[in-house]
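Structure at a glance
In case you want the letters, here they are:
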Amino acid sequence: MTAIDVERVRDITAHPPGLATRKLQDRSFVVWGVLATIIGIGTLVALVLDLAADGGHRLTGEFFLSFPSANPSEAGILSAWVGSLLVIVTTALFAIPVGMLAGVYLEEYAPKNPVTSAIEIAVNNLAGVPSILFGLMAVGIFVQFLGNPARYFTFLPEGFREGMADAFGQSILTAGITLALLILPFVMVATREAVRGVPQEIRHAALAVGATKWQTTQHHVLPYALPGVVTGVIIGISRALGETAPLIMIGGLTFVAFLPITRPGDATFETVGVLAESGAPVKPDATESVLIHHDGVVVLPDFTEMPVEAGQTYDLPHGSTVQSVATWGDAIASWSPTHWLGSEFTVMPIQMFNWTSRPQAEFLEIAAAAGLVLLAITLLMNGTAIWLRYRLRKRIKW
């Protein structure tokens, strides 16, 4: 070996060029990551502390069991949290099965062609559409079209048209379907990503021993994909829980002093005949035989009151209102979806929006208390998603 070759021998103990810069970049990334985490957690803590300072003292049992009121000391969130619960249940019943089935089909069964690609692009784009556009769509389809019996085909039975119009319109059913369409892309994408994460070897092994495509999907793919699916579903529902714009568009009420469901002892009202939007009967000269189930009072169209007895049948003019007191049987029957799906509603975000628009400082306090409740529900749902994902992933054997 010549002297020149000896000079060209590289010292392996020497640091490579640029190592100090790369180490600095590594430390900088850690610092920025910690800083970003502190900012996120700090913002959440500051928000919770601010809400707790303003409205923490209003979190009492009476606050949860009272209706909204013009008097802030008596106002509560009973109708708001019950409405939110019913709307979210309706949303989940529509979004979860449809989103999961669509995601599984697109990932496991759909052929790879331009039509499927166009559907995938549309789904991804829908995830970024502003929520108020879903509200505009719901107004046109569910409120103005399906909520108006005159828009249906005339050959359909009148009872069917009126029943469908009562179910849609400004109702819990319309709100649930609207929010379901809003979170449907999130459920579909989460399902597809979870299904795609299952190794192909599991599918091949199941098919090799004679399992059909559906048996492979049902018994091998979906159980392993379930942690990711559940996480996506709960996060999507958490987003729906805080939505306000689409519900305001479809007519969510800002002041509701009644419940979609009935409690024993509540006053009940039943109108005889069909009323126009002005509140007047469509057929003012018509009468109808009505069987009275409970003792009460009938308010006639001329605002005179007529006492009625249970078990009796009366011929009442259209526009009359039968007033009585609900029993336990009425309360149990009111939990049927056919009873409350067509009811008017309010939800927690709309109630908070109403209170924050009031000039009195007391309303800001109860709005902060409602914000604490909504934030606690959201954190609880996200915590549930993390816990379920952890429990379900422990069952994975690969």
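Before any of the text, the structure's been laid out above.
Summarised in this report is the structure supplied together with it. The model shown is predicted, which means the values in this text are computed figures rather than measured ones. Residue positions are counted from 1 within each chain, in the order its sequence is given. Reporting in this predicted model follows two pLDDT cut-offs: at least 70 for local features of residues, and 80 or more for side-chain atom pairs to be given and counted; totals over whole chains, interfaces and linings ignore these cut-offs and use all residues. Computation of side-chain values covers all heavy atoms of the structure but excludes hydrogens and water.

**Notes on the pattern of salt bridges**
When a carboxyl oxygen of Asp or Glu is within 4 Å of a side-chain nitrogen of Lys or Arg, the pair counts as a salt bridge. Under the criterion given, the structure shown has 7 salt bridges. A salt bridge links Lys-213 to Glu-108; the nearest nitrogen and oxygen atoms lie 3.8 Å apart. Taken as a pair, Lys-213 in helix 10 (residues 213-241) and Glu-108 in helix 4 (residues 78-109) lie far apart in primary sequence, 105 residues in all. Measuring nitrogen to oxygen at the nearest pair gives 2.9 Å for the salt bridge that ties Arg-192 to Glu-120. In this pair, Arg-192 is assigned in helix 8 (residues 172-196) and Glu-120 in helix 5 (residues 114-126), connecting sequence segments 72 residues apart. For the pair Arg-192 and Glu-120, a shared accessibility class is recorded, and that class is buried. Ionic contacts of the salt-bridge type, sharing partners, join the residues Glu-107, Glu-120, Arg-192, Glu-193 and Arg-196 into one network. Helix and strand definitions follow DSSP, with helices as H or I runs of at least four residues and strands as E runs of at least two, each counted in order from the N terminus. Think of it in three bands: residues with accessible area under 20% of the maximum for their type are buried, residues over 50% are exposed, and the middle band is partly exposed, with areas taken using a 1.4 Å probe on protein chains only.

**Let's talk about the sheet that holds strand 3 (residues 296-299)**
Any two strands with at least two DSSP-identified bridges between them are counted as paired. Reading across the sheet, the 4 strands line up as 1-6-3-4 and stay open at both edges, with antiparallel pairing between neighbours. Two strands in the sheet have a free side with no partner beyond their single neighbour: strand 1 (267-271) and strand 4 (305-308). Across this sheet, the average inter-strand angle for adjacent strands is 25 degrees, counted without regard to direction. Between the N-to-C directions of two axes lies an angle of 0 to 180 degrees, each axis being a line fitted to C-alpha atoms and, for a helix, fitted only over the stretch in contact.

**Points about the packing of aromatic side chains**
Within a pair of aromatic rings, the relevant descriptors are the distance that separates the centres and the angle that separates the planes. Working definition: rings of Phe, Tyr and Trp (its six-membered ring) pair if their centres are within 6.5 Å, and the pair is stacked with planes under 30 degrees apart, edge-to-face with planes over 60 apart, and tilted otherwise. Enumeration over the complete set of coordinates arrives at 3 aromatic pairs. When the ring of Phe-63 is compared with that of Phe-64, the centres are 5.9 Å apart and the planes differ by 80 degrees; the resulting orientation is edge-to-face. On the basis of relative accessible area, Phe-63 is assigned to the buried category, the value being 2%. For Phe-64, a relative accessible area of 29% translates into the label partly exposed.

**Quick word on the environment of Thr-313**
On the secondary structure map, Thr-313 appears in strand 5 (residues 313-317). Here the alpha-carbon distance between Thr-313 and Ile-172, two residues 141 residues apart in the chain, equals 32 Å. By the convention used here, residues are in contact when the closest approach between their heavy atoms is within 4.5 Å. If we ignore the near neighbours within four places in the chain, the residues touching Thr-313 are Ser-289, Val-290 and Leu-291.

**What to know about the environment of Ala-127**
Summarising the element assignment, Ala-127 is placed in the loop between helix 5 and helix 6 (131-143). Given the relative accessible area of 27%, Ala-127 is considered partly exposed. Residues Ala-127 and Leu-181, 54 residues apart in the sequence, show an inter-C-alpha distance of 10.0 Å. Setting aside residues up to four positions removed in sequence, Ala-127 forms contacts with Pro-185, Phe-186 and Arg-239.

**Let's talk about the side chain of Thr-216**
Tracing the backbone through its elements, the reader meets Thr-216 in helix 10. Judged by its relative accessible area of 3%, Thr-216 is buried. Excluding anything up to four places from it in sequence, Thr-216 contacts Arg-203, Ala-206, Leu-207, Ala-211 and Val-221.

**Describing a nonpolar patch on the surface**
Distance thresholds for patches are 9 Å for like charges and 5 Å for nonpolar side chains (Val, Leu, Ile, Met, Phe, Trp, Tyr), applied to residues having over 30% relative accessible area and no salt bridge. Exposure was quantified through the Shrake-Rupley algorithm and a 1.4 Å probe, taking into account, for residues, occlusion by the shown protein chains and nothing else. A contiguous nonpolar patch, built from Trp-81, Leu-85, Val-89, Leu-93 and Phe-94 and spanning about 440 Å² of accessible area, is present on the exposed surface. Note that Leu-93 resides in helix 4.

**Re the nonpolar core**
Among buried residues, those of type Ala, Val, Leu, Ile, Met, Phe, Trp, Tyr and Cys that are joined through side-chain atoms within 4.5 Å constitute a nonpolar core. If you look at the biggest cluster of nonpolar residues, it comprises 63 residues, and the most contacted ones within it are Ile-77, Leu-247, Ile-250, Phe-345 and Trp-355. Elements that contribute at least two residues to this core include exactly helix 4, helix 6, helix 8, helix 10, helix 14 (348-356) and helix 15 (361-393). Per-element accounting of this core gives the leading share, 11 residues, to helix 8. Filtering out sequence-adjacent residues up to four positions away, Ile-250 remains in contact with Gly-135, Ala-138, Val-139, Val-143, Gln-170, Thr-174, Ala-175, Thr-178 and Phe-345.

**A closer look at the packing of helix 2 (residues 19-55) against helix 15**
Look at helix 2 against helix 15: their axes get within 7 Å of each other, and the N-to-C directions meet at 135 degrees. The angle between helix 2 and helix 15 places the two elements in the oblique class. In terms of crossing hand, the pair formed by helix 2 and helix 15 is left-handed. Residues Leu-44, Val-48, Leu-51, Ala-52, Asp-54 and Gly-55 of helix 2 lie in contact with helix 15, whose contacting residues are Glu-365, Ala-368, Ala-369, Gly-371, Leu-372 and Leu-375. Grouping the amino acids of the contact of helix 2 with helix 15 by side-chain chemistry returns 8 nonpolar, 2 polar and 2 charged. An angle counts as roughly parallel when it lies under 35 degrees, as roughly antiparallel when it exceeds 145, as roughly perpendicular when it falls between 65 and 115, and as oblique in every other case. Two helices crossing with the near one rotated counterclockwise from the far one by less than a right angle form a left-handed crossing, whereas a clockwise rotation gives a right-handed crossing. Three categories are distinguished: nonpolar for Ala, Val, Leu, Ile, Met, Phe, Trp, Tyr, Cys and Pro, charged for Asp, Glu, Lys and Arg, and polar for the others, with Gly belonging to the last.

**Details of the environment of Lys-213**
Residue Lys-213 is classed as partly exposed on the basis of its relative accessible area, which comes to 36%. Taking the C-alpha atoms as reference points, Lys-213 and Glu-108, 105 residues apart in sequence, are found 8.8 Å from one another. Setting aside its immediate chain neighbours within four residues, Lys-213 contacts Glu-108, Tyr-109 and Leu-207.

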